[in-house]
Every structure is written in structure tokens, then in C-alpha cells.
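Geometric and topological summary
Residue-level listing of the chains:
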Amino acid sequence: MPMKSLFSLRLASLKSGLFWRTFFLLGALTTTSMTAWVGMISVVQHEPMVQQISAQVISVVTITHAALTHSAPELRRELLFELVSNEGIRVFPLEDDDKVEPPADNALMPDIEKLVKAKLGADTRFSSKVNGVAGFWVSFNIDDDQYWLMLERERIRGLTGIQWLGWASVVSVVSLLGAAFISSLINLPLRRLTQATRDFAQGKRPAPLPEKGPLEIMEANRSFNQMVDDLQQVESDRAVILAGISHDLRTPLARMQLEVEMAHLSDEARDGIQSDISQMDDIIGQFLDYAKPTEASSFTNVHLSELLSDTAHEAARLPDVRIATDIAPGVHAMGNPTDIKRVINNLIENARRYGKTPGQDYTEIDIKCSVKSARVTIEVQDHGVGVPAEQIEQLLKPFTRLDAARGQANGAGLGLAIVERVIQRHNAELQVRNRDGGGLLIQIVMKAL
């Protein structure tokens with residue numbers, strides 16, 4: 001499979017999965033909520049942070065200005081050293097050739113500059129780096145001399161969004177993990193119900209679903225468990241009833257056959273009655289085959305190569321059948337050997353009755369079996385006239401006979417319906433189409449062992 005097609009298939013699987021849909025919706029909701037929350041906090045805290053930082057800067061500059069102005073000249077060096085050591089404040093003369101970079105570009109700085117200049121003077125300058133030294137730089141005057149006061153950035157909180165980004169990232173990760181857990185928790189009952197439904201469709205009896213949890217899940221599980229019990233009981237009752245019908249019908253038929261043999265009837269009349277009895281017996285057998293369930297517990301390792309070869313050999317003994325085989329050796333699959341052989345026999349009988357080779361009084365049947373990519377493909381095809389394309393789907397419907405297309409039918413119309421029923425119970429695929437060159441081709445695809 002091309003890489004592009006494989007990627008598209010996986011992407012479609014992610015989009016269609018209920019877990020991923022729930023996860024993405026919860027993730028989108030969480031991300032939107034976080035974004036709105038950060039935006040709201042930024043707006044609400046903007047003015048208080050501006051006031052706090054501006055007051056801090058004004059206070060530090062004012063105190064430093066007063067300390068330097070009123071201290072004795074011989075003590076200023078010691079005072080500056082103490083400011084650097086204890087307060088992280090540095091004072092430098094402002095020179096004309098200083099390399100000054102503009103202040104930090106953030107939402108707070110314009111309002112901080114406005115408030116600080118209102119208190120310290122309109123000529124107050126701000127910088128984020130002077131002569132290559134990073135910090136929060138503010139200019140002030142002492143008499144006619146200009147100075148730079150540098151505060152360490154750690155003292156001015158709220159100028160960057162690094163901390164906000166860090167906290168938002170942590171909260172987002174925790175929220176996404178929570179979304180994954182909630183999605184898994186929500187979808188667990190649905191996964192159980194889906195698996196139980198799949199097992200039941202394959203002929204297995206699923207374990208009872210837990211009847212606990214939210215009211216809706218509890219009622220759904222209880223309804224499913226009751227449905228499984230009811231259908232199992234219906235299957236059991238139907239098998240018993242049909243077995244009884246078969247016994248009641250077939251016993252009188254046997255007596256009728258014996259009476260016919262003993263009666264003084266003409267050969268033609270006796271043959272006609274015996275033909276009718278045989279046809280009725282075949283129809284009853286078809287009913288029983290159609291109603292008979294195929295339990296997955298009866299599946300074994302089936303040697304398909306031997307089974308198909310034996311079935312073809314038996315069919316080749318019929319006087320109006322010509323069999324051609326192309327069967328790969330050593331092919332195995334899981335299934336019920338009796339039911340698989342019944343399927344092949346039904347297909348051969350269907351071809352024998354309705355797929356006569358034009359201009360001949362016999363039926364040519366090809367049986368093929370091949371393995372590719374761990375898939376077994378079985379094909380049974382005849383060389384007859386085929387079926388109109390628009391009527392192929394009707395072939396698989398119970399009690400359907402396409403007399404005009406396949407000759408006169410003398411059964412109950414259950415042959416291919418039985419085939420489809422058994423194939424579905426084996427979790428296999430059935431395809432019916434016209435053969436190139438004339439005739440009907442029936443293909444069965446199973447998982448190989």
C-alpha cells in the first residue's frame with residue numbers, strides 16, 4: 001500500500017475514533033479556556049502591576065538621590081558599595097557616549113514610563129542595556145550632573161511572560177492528560193459494548209456486560225445482555241423446533257416411499273412420486289442447514305487444501321460434472337470443517353444445477369485456492385450463462401430463485417443464503433460476480449494460519 005494511502009487511512013482512523021474526537025474536543029476546550037484565562041489575568045493585573053513597579057522604581061530612585069545628595073562626599077563611595085552589596089542597586093555617571101539600548105518592549109513599559117516621568121521629570125530616560133550591561137536602567141539628576149541607576153531585573157517583576165508561559169505549559173499538559181483519562185473513561189463502556197457486539201456477530205457468546213455506572217450505560221448494558229439471552233434462547237428453540245419438524249416430516253415421507261414401492265403403480269408414476277419425495281427431503285435439509293448455528297467454539301485448524309481436494313474428487317464422480325482444480329498445497333485456516341465443506345458442496349451443487357456449459361449436458365467447474373498476504377482466497381466458478389449484473393445481489397437472499405437467468409430451480413432458494421450465513425460466522429468475505437467469458441464466480445476470502 002502506498003505511504004500516502006496508509007497515512008490517509010491512519011488519519012481517517014484518528015478522526016473517526018470516538019476516543020480521539022472526545023480527546024481533541026476536550027483539548028481544544030482546555031486550550032481555549034487557558035488562553036482566555038491568561039488574557040483575563042493579564043488585563044486584570046495590568047494596572048496593579050504598573051502601579052507597583054512604578055512605585056518601586058520611583059521609591060528606589062528617590063531614596064538613592066536623597067542618600068547621595070545628603071551624604072558627605074567622603075562617604076559616597078562607601079554608600080554606593082553598600083547599595084550594590086545589599087540592594088543590588090548601581091549608580092553610574094551618565095556619559096554622552098554611552099551605548100544605550102531602548103527599554104524592554106512589553107505591554108507594561110509605556111505606562112511605567114509615563115508614571116515615572118510624571119514623578120521624576122520628563123527628561124527621565126529608560127534603557128534595558130547600557131554599555132553592554134543588562135538591567136533596568138533609569139536616569140536621574142543631582143544638581144547639574146546626570147546619573148544612571150541600574151536595578152537588577154529580578155527586582156522588577158512582571159516585565160516578561162516567561163513565568164506565565166511556564167505555568168500555562170504545566171497546566172496545559174496536566175489538562176491534556178486529564179482529557180485523555182476522561183476520554184478513556186467515557187469511551188470504556190462503548191468499547192466494551194462494541195467488542196461484545198462484534199463477538200456476537202461472529203457467533204461467539206460475549207461475556208455479560210457490567211450493569212453498573214451511569215444510568216444510561218447501565219440501561220444499555222442491561223438491554224444488550226437481555227437481547228443476547230433472548231436471541232440465544234430463540235436459536236436454541238428454533239433448532240429444537242426444526243429438528244422436530246424434520247423428524248415429523250421425514251418419517252411420513254419414508255413411509256410414503258415404502259408404500260409407493262409396494263403399491264401396484266406404473267413405473268412412471270412411481271418415479272414421479274419418488275422424485276417429489278426426494279425434492280421435499282432436500283428442501284427440509286436446506287432449512288435445517290440454514291437454521292443451524294455455527295459456533296466459534298467449534299473452530300479448529302482446517303487443512304483447506306485437503307478439504308477442497310477431497311470435495312472436488314467426490315464431485316468429479318457425478319456424471320454431469322467436469323472439475324478442474326488449482327489448489328495451493330499446505331493451506332490452513334480456522335473454521336468448522338463440516339460447515340466449510342457444506343459451503344463448497346452447496347457452491348458445486350448450485351453450479352451443477354444452474355451453470356450448465358452452453359451446448360453441453362454437463363457443467364464445467366473450476367476450483368481454485370491461493371494464499372497471499374496471510375489471506376486465503378477460494379474461488380468456485382462455472383462456465384454457464386451467468387446472471388444479469390443487476391440481479392446478483394438477490395442470489396444471496398433466502399428463498400430467492402432466478403429461474404430465467406439460471407434455469408429452472410427445484411430447491412428452496414437457500415443454497416447461497418446458507419453459504420453467506422456460514423461465511424459470515426467465520427468472519428470471512430464473500431463476493432459473487434460474473435466470470436469473464438461467461439458463468440458465475442464465487443470468491444471466499446479467509447484469514448490464513
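Residues numbered from 1 in each chain as written. Predicted model: local features only at pLDDT ≥ 70, side-chain atom pairs only at ≥ 80, totals over all residues. Heavy atoms only, no water.

A word on helix α9 (residues 337–354)
Across its 18 residues, α9 extends 26 Å between first and last C-alpha, which sits within 8% of the 26 Å expected from 1.5 Å per residue. Restricting attention to buried positions, one finds in α9 the residues D339, I340, R342, V343, I344, N346, L347, I348, N350, A351 and Y354. (Helix = DSSP H or I, 4+ residues; strand = E, 2+ residues; numbered from the N terminus. Expected span 1.5 Å × (residues − 1). Buried < 20%, exposed > 50% of the residue type's maximum accessible area, 1.4 Å probe, protein only.)

Here we look at the nonpolar core
Ranked by internal contacts, the top residues of the largest apolar core, which has 37 residues, are L304, V343, L347 and I378. Listed by contribution, the elements that provide at least two residues to this core are α8 (304–315), α9, β9 (363–372), β10 (375–382), α11 (415–425) and β12 (440–447). A per-element tally of this core places α9 first, with six residues. If sequence neighbours within four positions are ignored, L304 has contacts with V331, H332, A333, I340, V376, I378 and M446. Of all hydrophobic cores here, the second largest spans 21 residues; its members include I53, M109, V138 and L149. (Core = buried A, V, L, I, M, F, W, Y, C linked by side-chain atoms within 4.5 Å. Contact = heavy atoms within 4.5 Å.)

Comments concerning a nonpolar patch on the surface
Taken together, the side chains of F181, I182, L185 and I186 present a nonpolar region at the surface, about 410 Å² in accessible area. The topology assignment puts I182 in helix α5 (residues 162–201). (Patch = residues over 30% accessible without salt bridge, like charges linked within 9 Å, V, L, I, M, F, W, Y side chains within 5 Å. Areas by Shrake-Rupley, 256 points an atom, 1.4 Å probe, with all protein chains shown as cover. Salt bridge = Lys/Arg side-chain N within 4 Å of Asp/Glu carboxyl O.)

Some details on empty space enclosed by the protein
Inspection of every chain in the model, using the stated rule, returns three cavities of 30 Å³ or more. Estimates place the volume of the largest cavity at around 60 Å³. Every residue lining the largest cavity is listed: I340, V343, I344, I378, V422, I423, H426, I444 and M446. At the level of secondary structure, the elements contributing two or more residues to the lining of the largest cavity comprise α9, α11 and β12. Its residues placed into classes, the lining of the largest cavity shows eight nonpolar, one polar and no charged. (1 Å grid on protein atoms, 1.4 Å probe; cavity = no way out; pocket = protein on both sides within 12 Å on 5 of 7 lines; lining within 4 Å. Points joined across faces, edges and corners; volume = space filled by probe spheres on them. Nonpolar A, V, L, I, M, F, W, Y, C, P; charged D, E, K, R; others polar.)

Thoughts on the pairing of strand β3 (residues 126–130)
In regular strands, side chains alternate between the two faces of the sheet. For β3, the tally of buried residues reaches four of five residues, placing the bulk of the element in the interior. Where strand β2 (residues 100–101) and β3 come together, two bridges link them in antiparallel fashion. Looking across to β3, one finds that E101 is bridged to K129. Examined bridge by bridge, β3 and strand β4 (residues 133–142) share four bridges and lie antiparallel to one another. (Pairing = 2+ DSSP bridges.)

Describing the sheet that holds β2
Backbone-to-backbone hydrogen bonds join strands into a sheet, with any given pair of strands oriented parallel or antiparallel. Pairing in this open sheet of five strands is antiparallel, and the strands run β1-β5-β4-β3-β2 from one edge to the other. Of all strands in the sheet, those with a lone pairing partner are β1 (89–93) and β2, marking the two edges. Running at roughly 110° to β3, helix α4 (residues 109–120) makes contact with β3 and β4 of the sheet. (Axes fitted to C-alpha atoms, helices over the stretch in contact; angles between N-to-C directions.)

Here's the deal with the pairing of strand β5 (residues 145–151)
Pairing analysis gives five bridges linking β1 to β5, with the strands arranged antiparallel. Residue pairing across strands places I89 opposite L151, the latter belonging to β5. Adjacent in sequence and paired antiparallel, β4 and β5 are bridged by two residues, among which D143 carries a positive phi angle near 60°.

Concerning the pattern of salt bridges
In total, this model carries eight salt bridges according to the counting rule given. Residues joined in a network through salt bridges with shared partners are D320, E349, R352, R353 and K356.

Focus: the environment of T300
One can find T300 in strand β6 (residues 300–303). For the pair formed by T300 and P337, sequence separation is 37 residues and the distance between their alpha carbons is 7.6 Å. Those residues in contact with T300 that lie beyond four places of it in its chain are A333, M334, G335 and P337.

Quick look at α8
Helix length check: α8, at twelve residues, gives a terminal C-alpha distance of 16 Å against a target of 16 Å (1.5 Å per residue), a fit within 8%. Of the positions making up α8, those classed as buried are L304, S305, L307, L308, T311, A312 and A315. Buried positions in α8, seen along its axis, are confined to an arc of 165° and lie on one side of it. (Arc of directions from axis to C-beta.)

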